[in-house]
Amino acid sequence: MYLTEFLTVALIHLLAVASPGPDFAVVVRESVTHGRRAGTWTALGVGTAIFLHVGYSLLGIGLIVSQSIVLFNALKWAAAAYLLYIGFKALRAQPAKPTADNLHQEAGERTARGAFTSGFVTNGLNPKATLFFLSLFTVVINPHTPLAIQAGYGVYLAVATAAWFCLVAMLFSQQRVRAGFARMGHWFDRTMGAVLVAIGVKLAFTETH
């Protein structure tokens, strides 16, 4: 019964997490500057911070639905507008300038705690992540879906996020892969942008029951 809902959540999350942003930037920086170990701990920090967003999203849903349908619909439109915003922004992506020659190794070894904290704070304080998760748990996920199942979605989102950025850390510790992404990344962004715009339009005109 909830398979379609889960697949929709997984697809939107994949598109969002794969799009370069603050989390992507900090993981890449840690990986390139301090190595694979630091990049992996940063990725785990980003993934752990997802529980923060999921927590307040779950706590706020019942209040929003029970107190004000107008507020709920306003949030739905704001969420759809946000998806359209990041979609159109991705569609305008331009080829990146190679930066490999400008990067250098910083002195000192990065501690696991420092790298983890860097990832956690970057994601936890990202206002776009806040709006993204509120939109996910108010528009995409039916508010009447059992709380245990919604919590299960949250666990998946945290694990999937950590796994994705661990992969990013592994790939971007290899110079050749990083250089190739710099050349082709804008086409990847544009493709994801088109999909996000389509999802945003669909959500804007979908009735929430």
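The structure displayed is predicted, hence computed values, not measured ones.

1. Here we look at the pattern of salt bridges
Consideration 1: In this structure the tally under the stated criterion is one salt bridge.
Consideration 2: For the salt bridge of Glu-30 with Arg-110, the shortest nitrogen-to-oxygen distance reads 2.9 Å. Placement of the pair is Glu-30 in helix H2 (residues 22-34) and Arg-110 in the loop between helix H4 (69-91) and helix H5 (112-124), with a sequence separation of 80 residues.
Consideration 3: Classification of Glu-30 as buried rests on a relative accessible area of 2%.
Consideration 4: Owing to a relative accessible area of 26%, Arg-110 belongs among the partly exposed residues under this scheme.

2. Notes on helix H7 (residues 147-172)
Residues separated by three or four positions in an α-helix point in the same direction, a consequence of the helix having 3.6 residues per turn.
Consideration 1: Compared with the 38 Å implied by 1.5 Å per residue over 26 residues, the 37 Å span of H7 between its first and last C-alpha is a close match.
Consideration 2: Every buried residue belonging to H7 is among Gln-150, Tyr-153, Gly-154, Leu-157, Ala-158, Ala-160, Thr-161, Ala-162, Phe-165, Val-168, Ala-169 and Phe-172, and all of these are buried.

3. Re the confidence of the model for the protein chain
Consideration 1: For the protein chain, the average pLDDT comes to 78, and 76% of its residues sit at 70 or higher.
Consideration 2: Per-element confidence in the protein chain ranges from a low mean pLDDT of 68 for helix H8 (residues 175-204) to a high of 93 for H7.
Consideration 3: Between residues 99-108, whose pLDDT stays under 50, and residues either more than four places distant or in other chains, the model counts 13 contacts.

4. Focus on H5
Consideration 1: Taking 1.5 Å of rise per residue, the 13 residues of H5 would be expected to cover 18 Å, and the 18 Å separating its terminal C-alpha atoms lies within 8% of that figure.
Consideration 2: Taken together, the buried positions of H5 are Ala-112, Gly-114, Ala-115, Ser-118, Gly-119, Asn-123 and Gly-124.

5. Some words on the nonpolar core
Consideration 1: Formed by 18 residues in total, the largest nonpolar core has its most connected members in Phe-133, Leu-136, Phe-137 and Leu-157.
Consideration 2: If one sorts the elements of this core by residue count, helix H6 (residues 127-140) sits on top with five residues.
Consideration 3: Setting aside residues no more than four positions away along its own chain, Leu-157 makes contact with Val-9, His-13, Ile-50, Phe-133, Leu-136 and Phe-137.

6. Concerning a nonpolar patch on the surface
Consideration 1: On the surface, a cluster of nonpolar side chains totalling about 360 Å² of accessible area is made up of Leu-52, Phe-120, Val-121 and Leu-125.
Consideration 2: Note that Leu-125 resides in the loop between H5 and H6.
Consideration 3: The exposure class assigned to Leu-125 is exposed, which follows from its relative accessible area of 68%.

7. Digging into the packing of aromatic side chains
Consideration 1: Throughout the structure, instances matching the rule amount to six aromatic pairs.
Consideration 2: Geometrically, the ring pair formed by Phe-24 and Phe-172 is edge-to-face, given 5.5 Å between the ring centres and 85° between the ring planes. With Phe-24 in helix H2 and Phe-172 in helix H7, this pair connects stretches of sequence that are 148 residues apart.
Consideration 3: Note on Phe-172: relative accessible area 9%, which makes it buried.

8. What about the UniProt feature "transmembrane region" (unreviewed entry) in the protein chain?
Consideration 1: UniProt records the feature "transmembrane region" (unreviewed entry) for residues 41-63, 70-88 and 153-172 in the present numbering.
Consideration 2: The span residues 153-172 is 100% helical and 0% strand by assignment, and the distance between its end C-alpha atoms comes to 28 Å.

9. Some thoughts on the side chain of Thr-42
Consideration 1: Examined against the element boundaries, Thr-42 turns out to sit in helix H3 (residues 36-67).
Consideration 2: For Thr-42, the residues in contact, after removing those within four places along its chain, are Val-26, Val-27, Glu-30, Ala-115, Phe-116 and Gly-119.

10. So, the environment of Gln-150
Consideration 1: Along the chain, the position of Gln-150 falls in helix H7.
Consideration 2: Every residue in contact with Gln-150, bar those within four places of it in the chain, is listed here: Leu-58, Phe-137, Ile-141, Asn-142, Pro-143 and Thr-145.

11. Some details on the packing of helix H1 (residues 3-18) against H7
Consideration 1: Closest axis-to-axis distance for the H1/H7 pair is 11 Å, and the angle between their directions is 30°. Taken as a pair, H1 and H7 cross one another with a handedness that is right-handed. Note on element contacts: H7 touches H1 through Tyr-153, Tyr-156, Leu-157, Ala-160, Thr-161, Trp-164 and Phe-165, opposite Glu-5, Phe-6, Val-9, Ala-10, His-13, Val-17 and Ala-18.
Consideration 2: Each residue belonging to the contact of H1 with H7 can be placed in one class, and the counts come to 11 nonpolar, two polar and one charged.

About the thresholds
Residues numbered from 1 in each chain as written. Predicted model: local features only at pLDDT ≥ 70, side-chain atom pairs only at ≥ 80, totals over all residues. Heavy atoms only, no water. Salt bridge = Lys/Arg side-chain N within 4 Å of Asp/Glu carboxyl O. Helix = DSSP H or I, 4+ residues; strand = E, 2+ residues; numbered from the N terminus. Buried < 20%, exposed > 50% of the residue type's maximum accessible area, 1.4 Å probe, protein only. Expected span 1.5 Å × (residues − 1). pLDDT = per-residue confidence, 0-100. Contact = heavy atoms within 4.5 Å. Core = buried A, V, L, I, M, F, W, Y, C linked by side-chain atoms within 4.5 Å. Patch = residues over 30% accessible without salt bridge, like charges linked within 9 Å, V, L, I, M, F, W, Y side chains within 5 Å. Areas by Shrake-Rupley, 256 points an atom, 1.4 Å probe, with all protein chains shown as cover. Phe/Tyr/Trp six-rings, centres within 6.5 Å; stacked < 30°, edge-to-face > 60°. UniProt positions renumbered as here; feature names shortened; annotations may be inferred. Axes fitted to C-alpha atoms, helices over the stretch in contact; angles between N-to-C directions. Left-handed = near helix turned anticlockwise from the far one by under 90°. Nonpolar A, V, L, I, M, F, W, Y, C, P; charged D, E, K, R; others polar.

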